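What the coordinates show
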Amino acid sequence: MAKNKISKAAIWVILGLLFIGLAGFGATNFGGSIRVVGQVGDTEIGVNQYAQAVQRELRAMAQAGTPMTFSQARSFGIDQAILGRLIGVAALENETAKLGISVGDKTVGDQILEIPSFRGADGNFNREAYEMTLRNNGVTIAEFEDRVRADTARNILEASVVGGIAVPGSYTQTIYNWARETRDITWSILGPEDLEAPLPEPTEEILRAFHADNPARFTVPETRIITYAWITPQMLLDTVAIDEDALRQLYESRSGDYIRPERRLVERLVFPNADAAEAAKARIEAGEVQFEDVVADRGLTLDDIDLGDVTVADLGDAGEGVFALDDTGVVGPLPSPLGPALFRVNAILSASETTLEEARPELEAELASDRARRLIDDMFNEVDDLLAGGATLEELAEETELALGQIGWRQDVEGGIADYLEFRDAALLVSEGDFPELIEIEEGGIFAIRLDEIRPPELQSFEEIRDDVIAEWEAAETRNRLTDRIQAARQGIEAGGEMAGQDLPLRTERGITRDAFLERAPQGMVEGIFQMDEDDIRVFQTPDGAALVRLDAITQPDATDPEAAALIREFSLQASQSMAADALQLFVTRIQNTAGIQINQQALNAVNAQFN
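Just so it is clear, the model here is predicted, and its values are computed rather than measured.

Attention now goes to the overall build of the protein. From N to C terminus, the protein includes 23 helices and 19 strands. Compactness check: the protein gives a C-alpha radius of gyration of 34 Å against a globular reference of 25 Å for 612 residues, more than 25% above the reference. Across the 612 residues of the protein, 38% fall into the buried class. For the protein, the accessible area works out to roughly 34000 Å², and carbon and sulfur atoms hold 49% of it. Considering the protein, the positive charge centre built from 52 side chains and the negative charge centre built from 108 side chains are found 7 Å apart.

Structural data, given as structure tokens:
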């Protein structure tokens, strides 16, 4: 029985993700000879499958409030993560086919019948709604049902791998005890403000000795002296002419972004007939029920009836009635494509308009950037030919628009060309005598580099960094004096003295958990106190002082706490999910290693180029 529950839950997750993913399905279509981006065994990963997965990911990030361009997403490795997921799915489907696991038409039909988006006004499956939804998303019935069949069969295999995993009660109890155990401490922390006397003025001899005794503080790491020639779109922006007609065309093409009619956040609850809708409306107006109660009575959720933000035109014949409301509330019954309906307005979004002049800076910047990118693309072959012909970077800068520069590059250097990942990678790998090669920057731009010299780590002279030496000496002397005071207090306590008698500002904390935050506590202190025994005393170093901690008590979680059972169940669920995920990942890895993975990099590049 447990196995069946796992299987059904997983099927619903897959079907939910599958249906959500239909938005934009088919929007990207790659024909010709480019058909697959890879395969596992005999199971192919189609270019459209990969493109649609990328589209869904970008759309999901935008809806979550973190919109990204494809180039930005690639810099975070999101494209590789997507490909990795598709490879995992293909591996399971390949194994499913190899084992002969399949599901019949009845199982596929049962899954489809339970998808809320395919139901009509009466709450039952509606063939017209089914066909219209798929048609609007560019998916044929055969394609959709094949996908449901494949996902359901794959889920059977997944369930067989993870269904038998059970977490021992002793394991969960141990995790619970470890996670909910608490500590009580008495502690003191000293910072620069706790110095008992101001620091003396350091003598020249003291500073020079400090500089000599701490060479690591004042040594510049290995530095690579690199000459580079480069150009980016930003460097050309001031020289790019903006065509007024192109500006207006871009504005008009974005009119939906700049000219937004009044919109409303609306929910629509459809009824079998007008009488049923009127009766429900009367009960709501009489205060007998809430709108949410009527929705629940019809076996639906608010998500099922949510239309999002809509315009008057979006609502068709119901638009005028819904937009006649001066405030939020319920209106109807009004006509809808699915029958008489009540509409609830949850918010009113006022109309807005951004004029061409107001949008001009943004549009000009976009057009200029696009134009600059094209100019750089056009000059790529010319520059590459010059390098191939033996031109130096200095000659390159004289004969083209590339700018010449030099940098003393280290891993910690920032600013200018050092901010680009492509340059940092190239700077790390280039060797003296390497022939300069033209390299593209993902965000636009090109560069070539030459390694002139590698300077080994070098101790900076005292005279050059005297002020830095003073600052470092003062910080170190402050820490030393405060640490000496803390250590003296520790010795006094260990010799039998009271912590309260050590002339320290004391603080007490009770019921500290492993994830607690203690104000001013140095990094690692909370973790450290969970490694101490009762009455232990420990010193923790801080960036500008020290802290003294005594562990007063260790408290085990109360097994009779009403929340204990719920927490233990939560820990058990988390542990079982983690174990199941690990088992499934090991299984998928074995399949991939056995069946073999093939990647069509040319096809991947072609798809990725469409998103840039």
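Further remarks concern the sheet that holds strand S14 (residues 446-455). Ordered by their spatial adjacency, four strands build an open sheet running S12-S5-S14-S13, and the pairing between neighbours is antiparallel. Strands at the two margins of the open sheet, each flanked by one partner only, are strand S12 (403-409) and strand S13 (439-440). Pairing geometry for strand S5 (residues 223-231) and S12, over seven bridges, is antiparallel. The partner of Trp230 across the bridge, within S12, is Ala403. With respect to the sheet, helix H17 (residues 356-388) is in contact with S5, S13 and S14, its orientation differing from that of S14 by roughly 45°. Each of S5, S12, S13 and S14 touches helix H19 (residues 421-429); the most contacted strand, S14, lies at about 40° to it.

Across a sheet, strands are paired by hydrogen bonds formed along the backbone, either parallel or antiparallel in direction. In spatial order, the strands read S8-S7-S10-S9; together these four strands make up an open sheet with antiparallel pairing. Edge positions in the sheet fall to strand S8 (306-310) and strand S9 (329-334), since each of these pairs with one other strand and no more. Averaged over all neighbouring strand pairs, the angle between strand axes comes to 25°, with direction disregarded.

A separate point is the nonpolar core. Among the nonpolar cores identified, the biggest contains 27 residues, and Val37, Tyr50 and Ile82 are the most heavily contacted of them. Among the elements that take part in this core, helix H4 (residues 78-99) stands out by supplying eight residues, more than any other.

Averaged over all residues, the pLDDT of the protein is 85; the fraction at 70 or higher stands at 94%. Segment residues 1-32 is flagged for pLDDT under 50; beyond a separation of four residues in sequence, or across chains, it makes 56 contacts in the model.

On to the side chain of Thr186, then. The topology assignment puts Thr186 in strand S3 (residues 182-190). Polar side-chain contacts of Thr186 include one of 2.6 Å to the side chain of Asp552.

What follows deals with the packing of helix H5 (residues 105-113) against helix H7 (residues 141-162). Interhelical geometry of H5 versus H7 gives an angle of 105° and a closest axis separation of 10 Å. Comparing the axis directions of H5 and H7 gives the class roughly perpendicular. On H7, the residues that touch Asp105, Thr107, Val108, Gln111 and Ile112 of H5 are Phe144, Glu145, Val148, Arg149 and Thr152. Taken together, the residues that form the contact of H5 with H7 break down as four nonpolar, three polar and three charged.

Let us now look at the packing of aromatic side chains. A full pass over the atoms with the stated rule returns ten aromatic pairs. Residues Tyr228 and Phe423 carry aromatic rings whose centres are separated by 6.2 Å and whose planes lie at 70° to one another, so their mutual orientation is edge-to-face. On the criterion of sequence distance, the pair formed by Tyr228 in strand S5 and Phe423 in helix H19 is long-range, its members being 195 residues apart. By relative accessible area, Tyr228 is classed as buried at 12%. What makes Phe423 buried here is its relative accessible area of 0%. Judged by centre distance (6.0 Å) and plane angle (70°), the rings of Trp230 and Tyr420 are edge-to-face. Taken together, the residues Trp230 in strand S5 and Tyr420 in the loop between S12 and H19 connect sequence positions 190 residues apart.

Turning to helix H20 (residues 466-494), a few remarks are in order. Three- or four-residue spacings in an α-helix give side chains the same orientation, since the helix completes a turn every 3.6 residues. The terminal C-alpha atoms of H20, which comprises 29 residues, lie 41 Å apart, in line with the 42 Å expected from a rise of 1.5 Å per residue. Where H20 is concerned, the buried positions are Val469, Trp473, Ala476, Glu477, Thr478, Arg479, Leu482, Thr483, Ile486, Ala489 and Ile493. Buried residues along H20 sit against S3, helix H9 (204-213), strand S17 (537-542) and strand S18 (545-555). Following H20 by one or two positions, Gly496 adopts a phi angle in the positive range, close to 115°.

Attention shifts here to a negative patch on the surface. Residues Glu382, Asp384, Asp385, Glu395, Glu398, Glu399, Glu401, Asp434 and Glu437 make up a contiguous surface patch of negative charge. Where the negative patch is concerned, the elements lending two or more residues are H17 and helix H18 (393-399). Secondary-structure assignment places Asp434 in the loop between H19 and S13. Taking relative accessible area as the criterion, Asp434 reaches 38% and is therefore assigned partly exposed.

Every buried residue of H19 is accounted for by Phe423, Arg424, Ala426 and Ala427. Taken end-on, H19 shows its buried residues confined to a sector of 165°, consistent with a single buried face. Of the exposed residues in H19, those oriented more than 90 degrees away from the buried face are Leu421 and Leu429. Buried residues along H19 sit against S5, S12, S13 and S14.

Thresholds, definitions, all that
Each chain has its residues counted from 1, following the order in which its sequence is written. Confidence filtering applies because this is a predicted model: local features only for residues at pLDDT of at least 70, side-chain atom pairs given and counted only at 80 or more, and all residues used for totals across whole chains, interfaces and linings. As a rule here, side-chain values cover all heavy atoms of the structure and leave hydrogens and water aside. Counting from the N terminus, the helices are DSSP H or I runs at least four residues long and the strands are E runs at least two residues long. Values of the radius of gyration come from C-alpha atoms, whereas the globule rule sets the reference at 2.2 Å times the count of residues to the power 0.38. Note on exposure labels: buried denotes an accessible area under 20% of the residue type's maximum, exposed denotes more than 50%, and partly exposed covers the range between, all computed with a 1.4 Å probe on protein chains only. Method for areas: the Shrake-Rupley scheme with a 1.4 Å probe, in which residue coverage is limited to the protein chains shown. By the counting rule applied here, Lys and Arg register as positive and Asp and Glu as negative, while His and the ends of each chain are not counted. Where a charge sits is defined by one atom per residue type, namely NZ (Lys), CZ (Arg), CG (Asp) or CD (Glu). We call two strands paired when DSSP finds no fewer than two bridges between them. The contact criterion used is simple: two residues touch if any of their non-hydrogen atoms lie within 4.5 Å. Axes here mean lines fitted to C-alpha atoms, for a helix over just the part in contact, with angles spanning 0 to 180 degrees between N-to-C directions. Take the buried Ala, Val, Leu, Ile, Met, Phe, Trp, Tyr and Cys residues and link them wherever side-chain atoms come within 4.5 Å; each set so joined is a nonpolar core. pLDDT expresses how confident the predictor is about each individual residue, on a scale running from 0 to 100. N or O atoms closer than or at 3.5 Å make up a polar contact, with two conditions inside protein: a donor-capable atom paired with an acceptor-capable one, and, for residues adjacent in sequence, both atoms drawn from side chains. Roughly parallel here means an angle under 35 degrees, roughly antiparallel means over 145, roughly perpendicular means 65 to 115, and every remaining angle is called oblique. Polar here means any residue outside two lists: the nonpolar Ala, Val, Leu, Ile, Met, Phe, Trp, Tyr, Cys and Pro, and the charged Asp, Glu, Lys and Arg; Gly therefore counts as polar. Each pair of aromatic rings taken from Phe, Tyr and Trp, with Trp reduced to its six-membered ring, is defined by centres within 6.5 Å and is described as stacked if the planes are under 30 degrees apart, edge-to-face if over 60, and tilted in the remaining cases. A helix's residues, less one, multiplied by 1.5 Å, set its expected span. For patch building, the residue pool is restricted to those with more than 30% relative accessible area and no salt bridge; the joining distance is 9 Å between like charges and 5 Å between nonpolar side chains (Val, Leu, Ile, Met, Phe, Trp, Tyr). Any carboxyl oxygen of Asp or Glu that lies within 4 Å of a side-chain nitrogen of Lys or Arg is treated as forming a salt bridge with it. Relevant arc is that of directions from the helix axis to the C-beta atoms, nothing else.

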